[in-house]
Every structure is written in structure tokens, then in C-alpha cells.
Amino acid sequence: MSVRVRFAPSPTGYLHIGSARSALFNYLYARNVGGKFLLRIEDTDLARSTEESTRSILDGLAWLELKHDEEIVFQSDNADKHRAAAQRLLAEGKAYRDFTPKAEPTDQNVKEGIAERARAAQGVKNMRDNPFRELLSEESDRRAEAQEPFAIRLKVPLAGKTSFDDKVYGPQERNYDDTEDLVLLRSDGHPLYNLAVVCDDIEMAITHVIRGQDHLTNTHKQVLIYEALGVTPPTFAHLPLIMAPGKGKLSKRKHGEIVSLTTYRDAGFVPAAFRNFLALLGWSAGEEKEIYSLEELIEKFSFDGIHRSNAIFNFRENDPRHWTDDKALWMNAEYIRTMPLAELLPLVKAELKSAKLWREEYDQESIALSADIPSTADLGADGRPETVALDNRQIGSHGWYIKTVDLIRSRFFTLKDFSLQGRAYFCEDFDFDPAAVAKNLTKFPELREWLPQLADRFEAEFGGTEMLKPAREQGRDSQPGQLAFTEAYIETVIKAFTEEKGTKLGVIMNGARTLLTGVAVGPSMLSVFEVIGLERTISRLRSQLAWNQ
RNA sequence: GUCCGGUUCGUCUAGGGGUUAGGACACCGCCCUUUCACGGCGGCAACACGGGUUCAAAUCCCGUACCGGAUACCA
């Protein structure tokens, strides 16, 4: 029988990163064994389910590139089937009507109420003493006919135990005594979770149920329902939970947006990077390796590699530098600087577009790229690209935009950096970091004279008719008697200039860096000059903006 | 309370009778360097505790502690 797994979220909010990981593991397993990965939206909680939430779940899965097979199943569409199943169990004497009036919900903390009630009931009551359990069927029918409200409960056998062999946690057993006669159908006719799940999993012919460990005890109840229904239960595999620092529950209420998958999309994460990170939270291939492509994850995935202990999603509140798990951040940076340029470019494009920094002409450059620069994608034995950046020779035939992205990506952590830290490369309207101005400019007042002089020098050495053209259209070859604005020549000119002024190279370079890019950090200054281009270099060196702020 | 599960550096983890207990992130130092990263080298840092079994226990067994999950006419 071919494997069929499902991801079954309830649409009551954003997609939690823990759920996203469940989806990922289901997906990896399905692909690993050539099975199907199905999606079911468990929208039976009418009050809490929203369409918006369903949308966000779908968006999240799409972002992680976890494509599901077959049509999405909406659990609410199957309510009639769930009711029929309950009726059938009732007719077969495997369930009974419970006419006990529904308890008024205590509006306080639900969890606490449950624990409290369980504690109180301890010893005074066993799980099987419901007075309606053995009610004569004639009597039961009569009261039902008289419109008396009732819930349908499963009649859990008196002696014995449920057992199943969890693929992660091993053999599991639970005495029937420890399981109450669970409600299948509410008195308003609404089917409850455990019944709905079992019916749908049967209907969808699910072979492997892979879900969070918080369902471990539900599984015993579900096994009971399978048995009552006369269906062999699927294989179960429960996943360790993802906890907050301190081992508390990772919840939106307490931790906010950090638990939502969309946060990572919006914060400039590369989908493949976050997916890679999630895969390694609670699972390991048993080797000393961190970076896995989706294909590798699929190939290496197995239940044996899944941990039994919960994993902490580590982050420090109120610390922008460590706002989310350090390893996720590191991994994202790793992907940004090493992934094939052809795959990075569309992500950068989306970022620049949303920051209104995108120009259509960049597209012209990107089109031919995919076939043209595979060299960065060559993976070494450890799965990392062997060449980190393109060298000048490789990039020479490509245009300004690609060269710039490749140049600046090496020190970025998120895609956002392309429009934030990288803003000065793409437009004239950028800010000056006061700390950078203080460190690199105002500390050396002479620069206020020198940098405009450097601009003059550039103009004299590199200028001429070419000045009228945008820098990025200049050819690399120099006109007769005129130097091209390229690293080697720029270096010569700057070194001579520095010597004349009797100062250190760093003073000029860093001053120019701040004037040209607004910040104190960035790539080699020679390549920055080249990429910014002669025209913009000259005008920015002459600008008094930074000095006057 | 009861049932179930878990416990290796701060975090993610490898290892499952004999290891100087390995790697990654984070942190610190040095090198590289016009800056910041990257990279290279090095450092800090862990088998929850107590018994047992064994020539030998982080590893197997039993307890304890702590943590987590479940215990709904929620999902």
C-alpha cells in the first residue's frame, strides 16, 4: 500500500512554526517513500476558524515550498459522515447516549479547570461509571425521541488496554481504565475532534499519522475509535514539541509574532534556509553537517533521526541582535551568501520591489543568468558551494545589477538588508548613520576638504566625455589616454592622493565609504567605488549632506 | 492528583558498555584586513542526581528530582 500522510492544521490563527515543522516532516516522509502528502483543514471549531487563517496557512506552506498532493479536504464538509459514524457505533452498541446536562463552561482558565476537576474526581469516581452507559436501549430511544438532549459517548471496554507502536516514541500502552468514555458527538450534533480525525483519516486512506507529541494521549482514544469502527489504525509517529527558552510553551500570547511562520517570511528569510533550520530542530541525519538542500532532506529523512525530547527555540527578547534563534539567523546568512545567484535574484527582486528600489532594467540582466552562472552552485562534498562569490572574470560579462548584488550579499543576514543596508547602492535617497559619520568623517575634519578634492581628481583621471553617460554603461576598456573607473586604476589614484596628503589609506577609504554608502561597513572600498560608478562617486564625494546633518 | 513522555556544552545535536565525550550556533581571543563580514586558527562550555549490574556505565536496570504533554460536549 502506498504511503499517504497528511498535515491537518486547524485554521484558528497564523501558522505556528511548530505546525510548520510538522508539515515539513510529513512532506519529507512522503517524498522519501514516494507517497502522497495531503492537506486537511480542520475547521470544525466554527467559532474560532477563519478564512484568513486558512489563507495564511496556505501561504506559509507555499512559502516553504511544501506542495500538497490532491485536493484540500475541509473537515467541516464531512460533518455528516462523522455523525453517521457516531450513529453507527450507537446502533452497534459501541457507543451510548449520555443525557447528562451539558456542564456550563467555567469561564476561567480552561486548562486549570480540567486539572482541578480531574483532581477532585480522583478516587471518588472511575472513568466507566456514567449512569447512562448501561441504559436500556428502549429507554434511551424513548428519551431521545422525546427531544431530550444527549451527547454520544464511546463505550470504552471495561478491561484491556490500547497499544500502538509509535515510530518515534516506541511501544505505547494505556489501560482502558485511564481513558474516559469520550464524547463523539456533542448534544448539539456537532462531531468532536477525535471522531472527526479518525473518520477523515480513514476516508483519506491515511497510512501514517505524523503530528505533535501533544497528541500522544489522543492517539489512545483514536485507536479505540478505530477498533470500534473495525478499521486497522494507521502507523503513528509523534514529534517532540518546540518550546520557548526556559522550556515553557511557545505561544503567540506570550511570545508574539516570533512563533508565526509569516514573521520569517516578512523578516527577509530565504525559504530554503528556514526550512533547513526547522528540519534540524528535533531531527538529525546523524552526521556533522548543517546545510541540507530539500533533496538531501528528503533523501536522508527517517523516523530514526527524530528526537524524543523537546527542542527549545532559542531567542532573546529585547535583544534585536538575537531577536530569533541564532542558528536560524546564521543559516539565513549562509544561504544568502552561498546560494546560487540565479536563485537569490528573484528574492532580492521581491525585496527591492517592496522597498520601491526596483528598476525594470535590472530584469534584462537577470534573464540569461540561470544557465550562465552555475559555478556558484557547484556543491562540494559537504554540500556547501565551493566558490562563495563570483570572481571578476566570471562576472565580467554580466551587468551592474548582478555584480552589485553579488558584491554586497556576503555580509547580509536577511533579504531586508538589500533594501536597508544596501539602499545606497540602489538609490540616491539614503541616510547617514550618525555613528559612522562621527567615526569616519567628523573625527578627521580635513576630509571635508580632501574628499571633494578626491572627486576632482577622479574627474580629471577618469572623466571626460564618458562622464555624461551613466557609470554602469561605461565599458571596461579605457579611451586612449583615459583610465577606466575600475578597481586597479582607482587604487593607483587613491594611493597617490593619500601620499600627497600624508595620511593613512584607511582615513580616506573609510571617509569615502561613509559618504558613498552612509554606513561604516561594507565590501572592499575599491569595489564599492566601481559599483557605485564614477558619476555617483563624484557627486557623493562632493556632497555636504553628511557633514551638515 | 492520575496517566504518558523526556533529561549530553547557554542553544541545536553526534555518540548508546572502554572516546582526551565530536560537530554547529552563540560568546571570547588571535590571524587576515582600508571598515564590517567571510575565512583560518584557538579558547570557554555538557553526560540531572542517587543506587545497582559489570573488570569497565554518559551508554543497561531501578529509584529520585526536575521539565513537558494529556487528563473538555476545544482542536
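Reading the values: the criteria
- Sequence order sets the numbering: in each chain, residues are counted from 1 along the sequence as written.
- The lettering of chains begins at A and the numbering of ligands begins at 1, in the order of writing.
- At least 70 in pLDDT is required for a residue's local features to be given in this predicted model, at least 80 for side-chain atom pairs to be given and counted, and no such filter applies to totals for whole chains, interfaces and linings, which use all residues.
- Excluding hydrogens and water, the side-chain values take into account all heavy atoms of the structure.
- Numbering of helices and strands starts at the N terminus; helices are DSSP runs of H or I of at least 4 residues and strands are runs of E of at least 2.
- Buried, partly exposed and exposed residues are distinguished by accessible area as a fraction of the type maximum, computed with a 1.4 Å probe on protein chains only: under 20%, between the cut-offs, and over 50%, respectively.
- Any two residues whose heavy atoms approach within 4.5 Å at even a single point are treated as in contact.
- Accessible surface is estimated by sampling points in the Shrake-Rupley manner with a 1.4 Å probe; for residues, cover comes only from the protein chains shown.
- Only heavy atoms are used to decide nearness, and a residue is near a molecule or strand if one of them lies within 4 Å of it.
- Identification of polar contacts relies on pairs of N or O atoms within 3.5 Å, with a donor-acceptor requirement for protein atoms, meaning one able to donate a hydrogen and the other able to accept it, and with residues adjacent in sequence counted only if both atoms are side-chain atoms.
- The residue classification treats Ala, Val, Leu, Ile, Met, Phe, Trp, Tyr, Cys and Pro as nonpolar and Asp, Glu, Lys and Arg as charged. All others, Gly included, are polar.
- Strands are treated as partners if at least two bridges between them are detected by DSSP.
- Axes here mean lines fitted to C-alpha atoms, for a helix over just the part in contact, with angles spanning 0 to 180 degrees between N-to-C directions.
- In what follows, roughly perpendicular refers to angles from 65 to 115 degrees, roughly parallel to angles under 35, roughly antiparallel to angles over 145, and oblique to any angle outside these ranges.
- An arc is given here, and it is the one of the directions from the helix axis to the C-beta atoms.
- Only buried residues count toward a nonpolar core, which is a set of Ala, Val, Leu, Ile, Met, Phe, Trp, Tyr and Cys residues joined through side-chain atoms within 4.5 Å.
- Note on aromatic contacts: the rings of Phe and Tyr and the six-membered ring of Trp form a pair at centre separations within 6.5 Å, being stacked when their planes are under 30 degrees apart, edge-to-face when over 60 apart, and tilted otherwise.
- Comment: the charge-over-ring label is applied if NZ (Lys) or CZ (Arg) is within 6 Å of the ring centre and within 35 degrees of the ring normal.
- A pocket, in this scheme, is an open set of points on a 1 Å grid over the protein atoms alone with protein on both sides within 12 Å along at least 5 of 7 lines, while a cavity is a set where a 1.4 Å probe fits but cannot get out; residues line either one if an atom lies within 4 Å of a point.
- Grid points are joined across faces, edges and corners, and a volume is the space filled by probe spheres set on the points.
- A crossover counts as right-handed when, viewed with the strands pointing away from the observer, the path leading from the first strand over the helix to the second turns clockwise.

Observations concerning the overall build of chain A
Inference 1: Tallying secondary structure elements over chain A gives 26 helices and 12 strands in all.
Inference 2: Counting the 549 residues in chain A, one finds 50% classified as buried.
Inference 3: Considering only residue pairs separated by 6 or more positions, chain A has 76% of its internal contacts joining residues 24 or more positions apart.
Inference 4: For chain A, the accessible surface area stands at approximately 27,200 Å², while carbon and sulfur atoms represent 50% of it.

Overview of the protein's contact with RNA strand B
Inference 1: Near RNA strand B lie 72 residues; those nearest to it are Ile 114, Thr 217, Gly 282, His 307 and Arg 411.
Inference 2: In the model, a sugar or linking oxygen of RNA strand B is placed 2.7 Å from a nitrogen or oxygen of the Asp 45 side chain.
Inference 3: In this structure, His 190 approaches RNA strand B through a side-chain N or O atom, which is 3.3 Å from a phosphate oxygen.
Inference 4: Elements represented by at least two residues in the surface near RNA strand B include exactly helix H4 (110-121), strand E5 (151-154), strand E7 (170-175), helix H7 (216-229), strand E12 (311-312), helix H12 (326-338), helix H23 (505-517) and helix H24 (525-532).
Inference 5: It is H4 that provides the largest number of residues to the surface near RNA strand B, a total of seven residues.
Inference 6: Of the residues assigned to the surface near RNA strand B, the class counts are 23 nonpolar, 23 polar and 26 charged.

Concerning the sheet that holds E5
Inference 1: Strand order across the open sheet formed by three strands is E4-E5-E8, with antiparallel pairing between neighbours. Taken across any chain shown, the strands that pair with only one partner, and hence form the sheet edges, are strand E4 (95-98) and strand E8 (183-185). Strand after strand, the sheet turns through a mean of 40° between neighbouring axes, direction not considered.
Inference 2: Of the strand pairs in this sheet, E4 and E5 are connected by four bridges, and their pairing is antiparallel. Directly across from Arg 97, in E5, lies its bridge partner Ile 152.

Let's talk about the packing of helix H3 (residues 79-91) against helix H6 (residues 193-203)
Inference 1: Contact geometry of H3 with H6 gives a least axis separation of 9 Å together with a crossing angle of 105°. Considered as vectors, H3 and H6 are oriented roughly perpendicular to each other. For the pair formed by H3 and H6, the contact residues are Lys 81, His 82, Ala 85 and Ala 86 on the first element and Leu 195, Ala 196, Cys 199, Asp 200 and Glu 203 on the second.
Inference 2: A per-class count over the contact of H3 with H6 returns five nonpolar, one polar and three charged.

What about helix H5 (residues 137-145)?
Inference 1: Residues of H5 that are buried: Ser 140, Arg 143 and Ala 144. Down the axis of H5, the buried set is contained in an arc of 100°. They therefore lie on one face. Residues of H5 that are exposed and angled more than 90 degrees away from the buried face: Glu 138 and Glu 145.
Inference 2: Lining the buried residues of H5 we find E4.

Considering the nonpolar core
Inference 1: With 144 residues, the main nonpolar core has Phe 274, Phe 313, Tyr 401, Phe 418, Phe 458 and Phe 529 as its most contacted residues.
Inference 2: The element that contributes the greatest number of residues to this core is helix H1 (residues 17-33), accounting for nine residues.
Inference 3: Not counting residues up to four positions away in its chain, the partners in contact with Phe 274 are Ile 17, Trp 63, Leu 261, Tyr 264, Phe 269 and Ala 328.

Observations concerning the side chain of Glu 42
Inference 1: In this fold, Glu 42 is placed in the loop between strand E2 (36-41) and helix H2 (51-63).
Inference 2: Looking at Glu 42, the relative accessible area reads 6%, which means it is buried.
Inference 3: Side chain to side chain, Glu 42 and Arg 40 meet in a polar contact 2.8 Å long.
Inference 4: Non-local contacts of Glu 42, meaning those with residues more than four positions away in its chain, are made with Ala 8, Pro 9, Ser 10, Pro 11, Ser 49, Gln 75, Tyr 193 and Val 197.

Some details on the packing of aromatic side chains
Inference 1: Going through the model one piece at a time under the given rule, you end up with 32 aromatic pairs.
Inference 2: An angle of 80° between the planes, with centres 5.4 Å apart, marks the rings of Tyr 264 and Phe 269 as edge-to-face.
Inference 3: On the numbers, 5.2 Å between centres and 85° between planes, the contact of Trp 358 with Tyr 362 is edge-to-face. When sorted by exposure, Trp 358 lands in the same class as Tyr 362, which is buried.
Inference 4: Taking NZ or CZ as reference, Arg 21 lies 5.3 Å from the ring centre of Phe 25, over its face.
Inference 5: Lying across the ring of Tyr 292, Lys 289 places its NZ or CZ 4.9 Å from the centre.

Observations concerning empty space enclosed by the protein
Inference 1: Inspection of the entire model under this criterion finds one cavity of 30 Å³ or more.
Inference 2: When its volume is computed, the largest cavity comes out at roughly 70 Å³.
Inference 3: Considering only residue class, the lining of the largest cavity consists of six nonpolar, three polar and one charged.

Considering the pairing of E5
Inference 1: By the alternation rule, side chains of E5 split into Ala 151 and Arg 153 and Ile 152 and Leu 154, which are all buried.
Inference 2: For E5 and E8, the ladder comprises two bridges, and the chain directions are antiparallel. From the neighbouring strand, Ile 152 faces E8, where its bridge partner is Leu 185.

Comments concerning the pairing of E2
Inference 1: Across the six residues that make up E2, a large majority, five, are buried.
Inference 2: Here strand E1 (residues 4-7) runs beside E2; their pairing, made up of four bridges, is parallel. Following the sheet pairing, Phe 7 is matched in E2 by Leu 39.
Inference 3: Between E1 and its parallel partner E2, the chain crosses via H1, and the hand of that crossover is right-handed.

Shape descriptors only; they carry no functional weight alone.
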